[in-house]
Structure formats: structure tokens, C-alpha cells
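An overview of the molecular structure
The chain contents come next:
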Amino acid sequence: MARQTLWGGRFKQQLSEIALQFSTSIDLDKHLYIEDIAGSIAHVEMLAACKILTATEARRIRTALKAILKEIETGKFVPTNIYEDIHSAIEHRLTQKIGSLAGKLHTARSRNDQIALDERLFLRRAIYELMKLITNLQRVLLYKAERHIDIVMPGYTHTQRAQPVLLSHHLLAYMWMFERDYERLNQCAQRANKSPLGAAAFAGTPFPIDRNMVAKKLGFDGIVENSIDAVSDRDSLIEFVSTCSIIMMHLSRFAEELVLWTTKEFGFAEISDAYTTGSSIMPQKKNPDMAELVRGKTGRVYGALIELLTMMKALPLAYNRDMQEDKHALFEAFTTTRECLFIFAHILVHTTFKPHVIRESLLNDFLTATDMADYLVKKGVPFREAHEITGKIVQHCIEHKMYFGNLDLETLRLFSPKFDTDVFDVILPESSVHSKRSAGSTNPHEVKKQIVHWTRVLQKRKV
Ligand code: ARG
């Protein structure tokens, strides 16, 4: 079929097939057909209200647009690459249906403000979906944190065993991380919720349009005040994709921990068969592929962010065709983040923790060395000295292939006369977590406070 462009008057020649194939964005922006049609309907209703079109003209256009929406949904009309973009495809189809009246739809509008509008509408939908998925993941986290409130595990710094913490405390750290992501998405939605429509190409239009009316019809909080900014700006996309990048960074840290925890070396957890895979050559293998893929797919989203930032860098105002490339990054970031949030909640549901293995790793180490030093401090030893004494005790244990649990009072007193029998209670992992007094610490009372907080927040939450 012949190429279908929305322009041609000043040209002697048609756009070459090669140039059209190079420049069409239909494969990506066809996913914006719902937004494009919703925007056109609001626009045409406003044109009628402002007496730029007659009520009958507007009604005919609107009815036809609604029919096109159905046609695309049912596959009766397929936007293919004979069109430059989704806007051209829909307008061409409209012309087939209602003839030259279709040409009036684009009065006081340009594809420049049209695409900016479609993207802001899409963003609203995308953000809503991601917020729902974050809440879902947070609910799984809360469930796991409540269930495992009794498990004390080694906490790490530098991936080296450091101090005992509650597993629930560790899991709830992710809760706060995802909460910030949720807030960032919400803020991004609020900032993006302004209508660019009516900027036309970029300078505005001589027609007596009512931009606020269109904005209201489409559920925007207002209009983008500067028409040049309205068509030149892609900040909301960049904010969205950067938020997706942070979400993926959080997910990939969590994925990495699951990968570590499910190794033989750690053995803290096991992911169910349904969310792991085998090896085609090594019969014994059970691999955490889903978690690894979440970790791996993070690169796609970071890539999308760099893609957008680089595409926008140094672009002069106002619209430039470079900006058409934004859709790839937008959809890539959205679909990847969506599928990763979705699967990660499933992976987590299907992860079982191994309290006995975790317990053993706690005892076969020196995780309460800080508690031992603090014990001496409480008996009047300056912290630096207490640190040194405890370090020596650890060294002694390593040399004699033993742990704190094997020490007797006599041996301890060789290092400091301040030791007494009460030290044996202090160096138990449970005592260590209970000894913490600071707000937000791993003390079970503090962790339970977080659980109460999150139960309340997530119960009230609608999205
Ligand atoms: N397909 C274009 C985009 O996505 C729409 C705007 C085209 N405007 C233009 N003057 N060529 O950015």
C-alpha cells in the first residue's frame, strides 16, 4: 500500500520507502492508541464547545474515533508501517470513515503537542500499575517479616559476618526502600499531570481554544503553562525512567541476596522448584535463574535512562524529531520494571528460610564480638581498649579452632579481670539483638513496631 503521510503540499516527490521505513515509529507508538484516541476525543469536544467545530461535526468525529478504538482492539484495523506514526494511522482511518471532515480534527493541534499529551496520559497508567505492584511486593515482605520474627541471623558488612540481626529487620529494610520508590512514582505522576495540548506546534494557536477544558476532561490538574516547554519537555519521562532504575537497583540487590542465601555456602534459604531451573548437563543443579534475570535485566532499564538523557542532551528548543526515540526507552523501562516487580513477589513467596542453618552460622563465628567489647565498656574499660582485648580473644579462638561458645571464664580473665559469668549471656546472639536500645534498631520490640506501622499503612493503601 502507498505511504500515508499527514503532509505533502509543499513537496514535489513522495517520501521514499526507505526514508519512511527508517523514520516510522509505528511499531512502538501503536501502543499509545488508547491515549491518542482519548486525547482526540477531548480535543474535538473542546473544539465544539468553543464553536470552532459544530456540534454535529464533533459528534461525527467522536463516534468514528470510538469505532476506530474498537477496530484496533479487535484487530480489524492494524496500524502498520505504511504510516509515520500512530497519529497518522488514526487520522487516515478517520478519513476513510468520514471523509474530509476528518481533516478538521487536527485544527489547533500539532503532532508535537499530541505526542506529548499521549505520553503524559500513558505515564499516568504506567505509574499506577507500578505502584500497585510495589504495594503487592510490600505485602509479601510484611508477611515474611511477621512470620520470621523469631529468626536471628548474621548481618553483614563487606559481605563478612558482622552482628546478629533479626531476619525480619533485614527484610523490612527493603520495605522502606520500596516505599521511597512508591513515593517517587507518586511525585512523578503529580508533576507530570499537566496537559500540554493546545501548545500546537510550539507557539500556540490563533483559534479560541480552551486548554483548561481539555485538561479537565482528561483528568489533568492543569496545563503546561509555556507552550514551548509543553512540546520540548521530556522531564517526566526521565523522572519516570530514573525511578524505574532505582526500583531495579533495589530489586537487583535483593535478587543478589537471594542468589547468595540459596548457595550451599550460605544455605539460609531455598527457592521452590517452580521458580528455579536445572542444568542441561549437570543433573544435580538447581539454579536461581529468576532472581539472576531480575538482576540482569536491571541493565536494560539503566540503558533506557542513559538513552533518554543522551537523546535529550543539547537538543535545541522546541520539538525535534530525535524526541520520537523516547518511546523505546519509556516502554523498555516500564515493561521490564513491571515484569521484574511482578515475578519478584512470586519468588519471595516461594522462598523458604532455613532457621537451623542460619542459627549454626551465628554460633560458628564471632558475631557478638561488639557485644563483648561493649560489656567491658560497661565495666569501665575505655572502648578502644575493650576493642583491643576482644580482638585478642577472637585471635585466640581462631588459633585454638574454637568460638565464643567454647570459652570459659578462666580463659577470658587472662585477657581482662573485668570478665564475670554474666558475660556468657551477653555474647548470645539473642541477647545481642535484645540489648539494642536505639530507635529503628534490630531489637525485637523495635522491629515489631515497624511491623505494626506497615500493617497499618498497607491496610489503608488503595493502590
Ligand atoms: N511521531 C512523532 C514523535 O513521536 C510525533 C511528532 C512528529 N512531529 C513532527 N513534526 N514530525 O515524536
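About the thresholds
Residues numbered from 1 in each chain as written. Predicted model: local features only at pLDDT ≥ 70, side-chain atom pairs only at ≥ 80, totals over all residues. Heavy atoms only, no water. Helix = DSSP H or I, 4+ residues; strand = E, 2+ residues; numbered from the N terminus. Rg over C-alpha atoms; globule rule 2.2 N^0.38 Å. Buried < 20%, exposed > 50% of the residue type's maximum accessible area, 1.4 Å probe, protein only. Areas by Shrake-Rupley, 256 points an atom, 1.4 Å probe, with all protein chains shown as cover. Lys, Arg positive; Asp, Glu negative; His and termini not counted. Charge placed at Lys NZ, Arg CZ, Asp CG, Glu CD. Core = buried A, V, L, I, M, F, W, Y, C linked by side-chain atoms within 4.5 Å. Contact = heavy atoms within 4.5 Å. Disulfide = S-S within 2.5 Å. Near = heavy atom within 4 Å. Polar contact = N/O pair within 3.5 Å; in protein donor to acceptor, adjacent residues only side chain to side chain. Axes fitted to C-alpha atoms, helices over the stretch in contact; angles between N-to-C directions. Parallel < 35°, antiparallel > 145°, perpendicular 65-115°, else oblique. Left-handed = near helix turned anticlockwise from the far one by under 90°. Nonpolar A, V, L, I, M, F, W, Y, C, P; charged D, E, K, R; others polar. Salt bridge = Lys/Arg side-chain N within 4 Å of Asp/Glu carboxyl O. Pairing = 2+ DSSP bridges. Phe/Tyr/Trp six-rings, centres within 6.5 Å; stacked < 30°, edge-to-face > 60°. Lys NZ or Arg CZ within 6 Å of the ring centre and 35° of its normal.

1. Looking at the overall build of the chain
A count of helices and strands for the chain gives 19 helices and 4 strands. Here the C-alpha radius of gyration of the chain, 31 Å, is well above what a compact globule of 463 residues would show, namely 23 Å. Viewed in the frame of its principal axes, the chain has a C-alpha envelope of about 100 × 50 × 40 Å. When each of the 463 residues of the chain is scored for burial, the buried share is 51%. Entry remark: accessible area of the chain is about 22900 Å², with carbon and sulfur atoms responsible for 55%. If you average the places of the 60 positive and of the 55 negative side-chain charges in the chain, the two averages end up 6 Å apart.

2. Considering the nonpolar core
Core analysis: the biggest nonpolar cluster contains 81 residues, and Phe240, Leu251, Trp261 and Phe344 have the highest contact counts within it. Per element, the largest residue contribution to this core is 14 residues, and it comes from helix H6 (residues 111-147). When residues no more than four places from it in sequence are discounted, the contact partners of Leu251 are Leu137, Phe178, Val294, Cys340, Leu341 and Phe344. Core analysis: the second largest hydrophobic core is formed by 39 residues, Ile82, Leu117, Leu121 and Leu197 among them.

3. Observations concerning the state of the cysteines
One pass over the structure, following the stated rule, counts 0 disulfides. No disulfide involves Cys188; its sulfur sits 8.5 Å from the nearest other cysteine sulfur, which is in Cys244. Among the cysteines around Cys340, which has no disulfide bond, Cys244 carries the closest sulfur, lying 10 Å off.

4. What about the site of the ligand?
Contacts to the ligand come from Ser25, Asp85, His87, Arg111, Asn112, Ile115, Tyr319, Gln324 and Lys327. The side chain of Asp85 places a nitrogen or oxygen atom 2.9 Å from a nitrogen atom of the ligand. Between Asn112 and the ligand, the recorded distance is 3.0 Å, taken from a side-chain N or O atom to a nitrogen atom. Starting from 340 Å² of accessible surface for the ligand in isolation, the protein chains cover 86%. Looking at which element gives the most residues to the shell around the ligand, the answer is H6, with 3 residues.

5. Things to note about the packing of helix H7 (residues 167-192) against helix H19 (residues 444-460)
At their nearest, the axes of H7 and H19 sit 11 Å apart, and the two run at 40° to each other. Between H7 and H19, the crossing angle belongs to the class labelled oblique. Crossing of H7 over H19 shows left-handed handedness. Only Val447, Gln450, Ile451, His453, Trp454 and Leu458 of H19 make contact with H7, whose side of the interface consists of Ser168, His169, Leu172, Met175, Trp176 and Glu179. Among the residues forming the contact of H7 with H19, the class breakdown is 7 nonpolar, 4 polar and 1 charged.

6. Digging into the pattern of salt bridges
In this structure the tally under the stated criterion is 34 salt bridges. Glu119 is paired through a salt bridge with Arg234; the nearest N and O atoms lie 3.2 Å apart. Note that Glu119 is positioned in helix H6 and Arg234 in the loop between helix H9 (227-232) and helix H10 (235-261), a separation of 115 residues in sequence. Arg234 shares its class with Glu119; the two are buried. Residue Asp422 is joined to Lys379 by a salt bridge in which the shortest nitrogen-to-oxygen separation is 3.5 Å. Here Lys379 lies in the loop between helix H14 (369-378) and helix H15 (383-399) and Asp422 lies in the loop between helix H16 (409-415) and helix H17 (423-426), a separation of 43 residues in the sequence. When its relative accessible area of 38% is taken as the criterion, Asp422 is described as partly exposed. Taken together, the shared-partner salt bridges in this structure form one network comprising Glu71, Lys76, Arg93 and Lys97.

7. A short note on the pairing of strand S2 (residues 160-166)
Across 6 bridges, the pairing between strand S1 (residues 152-157) and S2 is antiparallel. Along S2, the bridge assignment pairs Val152 with Leu166. Between S1 and S2, which pair antiparallel one after the other, the connecting turn spans 2 residues, and His158 there sits at a positive phi close to 60°.

8. Points about the packing of aromatic side chains
Per the counting criterion, the structure on display carries 15 aromatic pairs. Both rings, one in Trp261 and one in Phe353, keep their centres 6.0 Å apart while their planes meet at 65°; by these two values the pair is edge-to-face. Of this pair, Trp261 sits in helix H10 while Phe353 sits in strand S4 (residues 351-353); the two residues are 92 residues apart in sequence, bridging distant segments of the chain. Exposure remark for Phe353: the relative accessible area of 5% places this residue in the buried category. Pairwise contacts between aromatic rings join Phe122, Phe240, Phe331 and Phe334 into one cluster. Over the ring of Tyr182 we find Arg461, and its NZ or CZ is 3.8 Å from the ring centre.

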